[in-house]
Each structure stands twice: as C-alpha cells, then as structure tokens.
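# Understanding the architecture of this molecule
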Amino acid sequence: MLLTCAIFFALSFVACNHQELIPPKPFDQMQFSEGNEPNDLRIKLGRMLFYDPILSRDSTVSCASCHIQSMAFTDGKKVGEGIEGRKVLRNSPTLGNVSYHSRIMRDGGVPTLEMQVLVPVQEHSEFDFNMVLLAERLANHKVYSKMALKAYNRAMDPYVITRAIAVFERTMVSNQSPFDEYFYQNITTALSDEQLEGYALFKKLGCENCHSGPDFTNYNYYNIGLYEYYPDSGRTRITNDTNDRGKIKTPTLRNVALTAPYMHDGSIQTVEEVISHFASGGKSHSQKSDLIVDFEISEKEKAEILSFLSSLTDKTFISDTTLSNPF
Ligand code: HEC
Ligand code: HEC
C-alpha cells in the first residue's frame, strides 16, 4: 500500500490523496454469539418470527412493522408505533449491520441481540405481551413447534425465540453501496467527483471523529447539543450517571438517505438540516461533546456531503430477497 502510494505520489498528488481516503475494509468477519451459530434452519425460523405479528399480544404488529426493509429496516415515522397505535419513546433505528454494535439500543442498555428481543415483546408500547405466554403460544403452533425442534433441538421456548431472531438479524449486513463498490470492488465510476469531495469534507470537518470505521460509527455515546434540556436522558437511563445526560450511541450513516426522520427522537426531518445542526455547533449543554464545534459551510459543500452520504445507500441490501417477508 505504501509503495503504491509512493509511486502514485511521484505521478500525481491527487492519486495519493485518493489513497488516504481509503476507509477500513467493511465486515470481514461474520458475527455470531457462542451457542447460537447460524445455520439455514435457524435463520429461516428467525426470519419468520421477525415478520409474524403473532409475536404481539393482539397479533397486529410484528418486528417488521417498525423495521421495514425498503427503509433499511426503519419505519419513516418520528417514533415507533406498536399495538393500538401506542407510541414508543424513540425513533426506530436501522438494523443494518446491527450485529457489529458493541452494545444494543440507542443508549447501549442491552448487551446482546438475543436479549434485545425481550424488549419489544414485553414493552407496553410495542407488543405488550409476555415472553412466557408468547413461548406457550408458539409451542402450540404446528409449524413453529416443529421448526424449534429441528433448528435448536428443543421445544419452542424463550431460548429458541430470542436466539432465532438474533441469528436472522445477524444476516442483515449492508456493504454493497456505491461507496463499497468504489473502494473495495475498484469500480471507479461508482462515485462521482462531487461524492469524493463530500467524503474528503466529511473527514475534514471531523464527522469521522464519531462516524468512523466500516459502519461509520465508533459506537460511542455523545451529547451533540440537540437540546438544552433533554426530555430523553439517553445513556443516563442506563448508568444513572448525570454526566451521561443526552448521550446517544453514534448511529451508522449507512443507508442514511433512507432512514428519515433523524436523531433518537426523530426530531430532524432531513439530512441537510442535520448538517446545519452540526454547523451551528449545537445548543449549549454541560455534557455536550468537545468534538461538536461550529463551522462555516457553503451550499456547494453541503450538497457535496449530502451527495457523499447518498453513496452509502445499498440497493442490494433493501432488495435482498433473503431478508424480505417470507409469508
Ligand atoms: C413499535 C415499533 C417497534 C417494534 C414492533 C420493534 N422495534 Fe426494534 N426498535 C424500535 C425502536 C423505537 C428502537 C430504539 C429503542 C431504543 O434505542 O431505546 C428499536 C431498537 C431495536 C434494536 C437496536 C438497534 C440499535 O441500533 O441498537 C434492535 C436490534 C431491534 N429494535 C430489533 C427488533 C426486533 C427483533 C423486534 C421484534 C421482536 C423489534 N425490534 C420490534 C421500534 C420497534
Ligand atoms: C461528537 C460525535 C459526533 C460528531 C463529531 C458528528 N456526529 Fe453525527 N451524530 C452523532 C450522534 C451521537 C448522533 C445521534 C444523536 C441523537 O440521536 O440524538 C448523530 C447523528 C447524525 C446523523 C443522523 C443519523 C440518524 O440516523 O439519525 C447524521 C446524518 C450525522 N450525525 C451526520 C454527521 C455529519 C455529517 C457530521 C460532521 C459534520 C457529524 N455527524 C459529526 C455523533 C457525532
């Protein structure tokens, strides 16, 4: 790599700058948790459960009601809506590459994907059901009871439900965007000059301090000065530490053009307005990150960043038939 850069450098400065743009290679290793190794049957069972409203108390809402594939598994709403139209506290996040998160949920309150399944099942504003009752319901189901035995060699129970759904979620990998084509498949036409300019600017403005690595997040929690007073205390809900007030896990920017509205509470409608927020330096808050500093940005530069971010849209991911509704 160094040698290539040196040779390019001798030929042209632009080529070498281009080398410096190269991001880390995305997702070399498939993730799985111990004892829950993926196989076709487990993935199939998890996929069916993910799309089946049978998981909610009144059988009206499924995971896919709030995590819709065409929107990179978000729902286009300000906040998620469960049974009887009940509103969840937060905006539904994308599930793309979620298996690479060090901790789950916007406040990092849940350690694993397996454990996360309990939340929507039990939550009043989501399925308003009960894991034990759900397991009974599914154990009495002809198809699911057989599949549990085949996939996990045990009767349908909470163990099977949580593990199968988590296995399916781990197959939700998004790494086929034009950005990936350009950098990893050497398709030099995949990105426009405007997009490359936008990527350079993204780095220059320090976005990469937090939106770094293959998934454009370092998975850390920050208060970005969205509010002077945060109605949702963010990470403080988990740690009870007031220093964590308003801190939210840095979201991935992959497929961000498909995942409006933005922020943990869906309070910002467009990516352009998000950029304006960062340019303003945010509201004053004692916990606001030092990395949030106001900057000047022209309309042209804004358009370049927007254009770069749209290169993270992965059409293969949102049309992948192995991730779609199996019913
Ligand atoms: C009523 C809408 C709704 C339903 C139904 C729902 N979710 Fe979610 N989901 C959300 C919201 C809102 C969040 C963000 C919650 C938070 O961070 O506190 C979320 C967060 C998640 C996360 C964490 C993502 C991250 O970035 O850490 C996963 C994984 C997830 N949901 C999977 C599921 C699964 C699996 C189901 C079905 C068993 C499900 N969801 C059902 C709305 C929903
Ligand atoms: C200090 C860390 C940090 C820096 C620097 C930063 N971000 Fe963020 N960004 C975050 C966090 C944390 C959130 C989520 C905040 C929330 O939900 O309340 C976020 C949210 C976003 C969102 C909305 C994504 C979504 O799904 O809701 C976009 C787009 C975004 N940032 C782009 C940028 C750009 C462009 C820059 C550079 C100008 C930047 N960020 C700089 C941490 C950062």
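Keep in mind the model is a prediction, meaning the values are calculated, not measured.

As a matter of local geometry, ligand 2 sits amid 21 residues, with C207, C210, H211, H264 and F278 nearest to it. A distance of 2.9 Å separates a nitrogen atom of ligand 2 from a polar atom in the side chain of H211. Between ligand 2 and H264, the relevant distance is 2.6 Å, taken from an oxygen atom to a side-chain nitrogen or oxygen of the residue. Taken together, the residues of the shell around ligand 2 break down into 16 nonpolar, five polar and no charged.

Now for the coordination of the iron atom of ligand 2. Donation to the iron atom of ligand 2 from the protein comes from one atom only, H211 (NE2), at 2.1 Å. With respect to the helices and strands, H211 occurs in the loop between α11 (193-204) and β1 (221-222).

On to the coordination of the iron atom of ligand 1. Ideal values differ by geometry: the angle at a metal is 109.5 degrees with four tetrahedral donors, but 90 or 180 degrees with six octahedral donors. On the protein, H67 (NE2) is the one donor atom to the iron atom of ligand 1, at 2.2 Å. Inspection of the secondary structure puts H67 in the loop between α4 (63-66) and α5 (113-116).

In this section: helix α9 (residues 158-170). The first and last C-alpha atoms of α9 sit 18 Å apart over 13 residues, in line with the 18 Å expected at 1.5 Å per residue. Extensive coverage of α9 is indicated by the burial of ten of its 13 residues. Listed in full, the buried residues belonging to α9 are V160, I161, T162, A164, I165, A166, V167, F168, E169 and R170. Contacts from the buried residues of α9 go to α3 (40-51), α5, α7 (131-139) and α8 (142-152).

What follows is about the domain arrangement of the protein. As assigned here, the protein comprises domain 1 (40-172) and domain 2 (175-316). Listed by partner, the interface residues are 24 residues for domain 1 and 22 residues for domain 2. In total, domain 1 and domain 2 occlude about 1,900 Å² of area from one another, counting both sides; carbon and sulfur atoms represent 49% of this. Summed over the shared surface of domain 1 and domain 2, the result is ten residue pairs in polar contact (both at pLDDT 80 or more).

The full set close to ligand 1 counts 26 residues, and C63, C66, H67, M105 and R106 are the nearest of them. Separating an oxygen atom of ligand 1 from a side-chain N or O atom of R90 is a distance of 2.8 Å. Separating a nitrogen atom of ligand 1 from a side-chain N or O atom of Q116 is a distance of 3.3 Å. Broken down by secondary-structure element, the contributors of at least two residues to the shell around ligand 1 are α4, α5 and α9. Here the shell around ligand 1 is composed, by residue class, of 13 nonpolar, seven polar and six charged.

Counting residues in each nonpolar core, the largest one holds 42 residues, and the members touching the most others are L45, L49, F50 and I161. Mapped by element, the contributors of at least two residues to this core are α3, α4, α7, α8 and α9. A total of seven residues in this core trace back to one element, the largest contributor, which is α9. In this structure L45 touches Y144, M147, A148, A151, M156, V160 and A164, once residues within four positions along its chain are discounted.

The next thing to look at is the environment of T239. As for its placement among the helices and strands, T239 is situated in helix α12 (residues 236-239). By relative accessible area, which is 33% here, T239 ends up partly exposed. Sequence separation between T239 and E296 is 57 residues; the distance between their C-alpha atoms is 35 Å. For T239, the side chain forms a polar contact with the side chain of D244, separated by 2.7 Å.

Reading the values: the criteria
- Each chain carries its own residue numbering, running from 1 in the direction its sequence is written.
- Each chain gets a letter, beginning with A, and each ligand a number, beginning with 1, in the order they are written.
- Selection of residues for local features in this predicted model requires a pLDDT of at least 70, selection of side-chain atom pairs for listing and counting requires 80 or more, and totals for whole chains, interfaces and linings are taken over all residues.
- Values shown for side chains rest on all heavy atoms present in the structure; no hydrogens or waters enter the calculation.
- A single heavy atom is enough: if one lies within 4 Å of a molecule or strand, its residue is considered near that molecule or strand.
- Whenever two N or O atoms come within 3.5 Å, that pair is a polar contact, provided that in protein one can donate a hydrogen and the other can accept it, and provided that, for residues adjacent in sequence, both atoms are side-chain atoms.
- Residue type decides the class: Asp, Glu, Lys and Arg count as charged, Ala, Val, Leu, Ile, Met, Phe, Trp, Tyr, Cys and Pro as nonpolar, and the leftover types, Gly among them, as polar.
- Only N, O and S atoms count as donors, using a 2.8 Å cut-off from the metal and 3.2 Å for Na, K and Ca, and because water is excluded some sites may appear unfinished.
- A helix here means a DSSP run of H or I that spans at least four residues, while a strand means a run of E at least two residues long, and both kinds are numbered starting from the N terminus.
- By this rule the span expected of a helix is its residue count minus one, scaled by 1.5 Å.
- Classification of residues uses two cut-offs on accessible area relative to the type maximum, computed with a 1.4 Å probe and protein chains only: under 20% is buried, over 50% is exposed, and between them is partly exposed.
- Only heavy atoms matter for contacts: two residues are in contact if any of them lie within 4.5 Å across the pair.
- The start and end points of each domain follow an automatic or database-based domain assignment.
- Accessible area that two parts lose when put together, with a 1.4 Å probe and added across both, is what the buried area reports.
- For our purposes a nonpolar core is just a set of buried Ala, Val, Leu, Ile, Met, Phe, Trp, Tyr and Cys residues, chained together by side-chain atoms within 4.5 Å.

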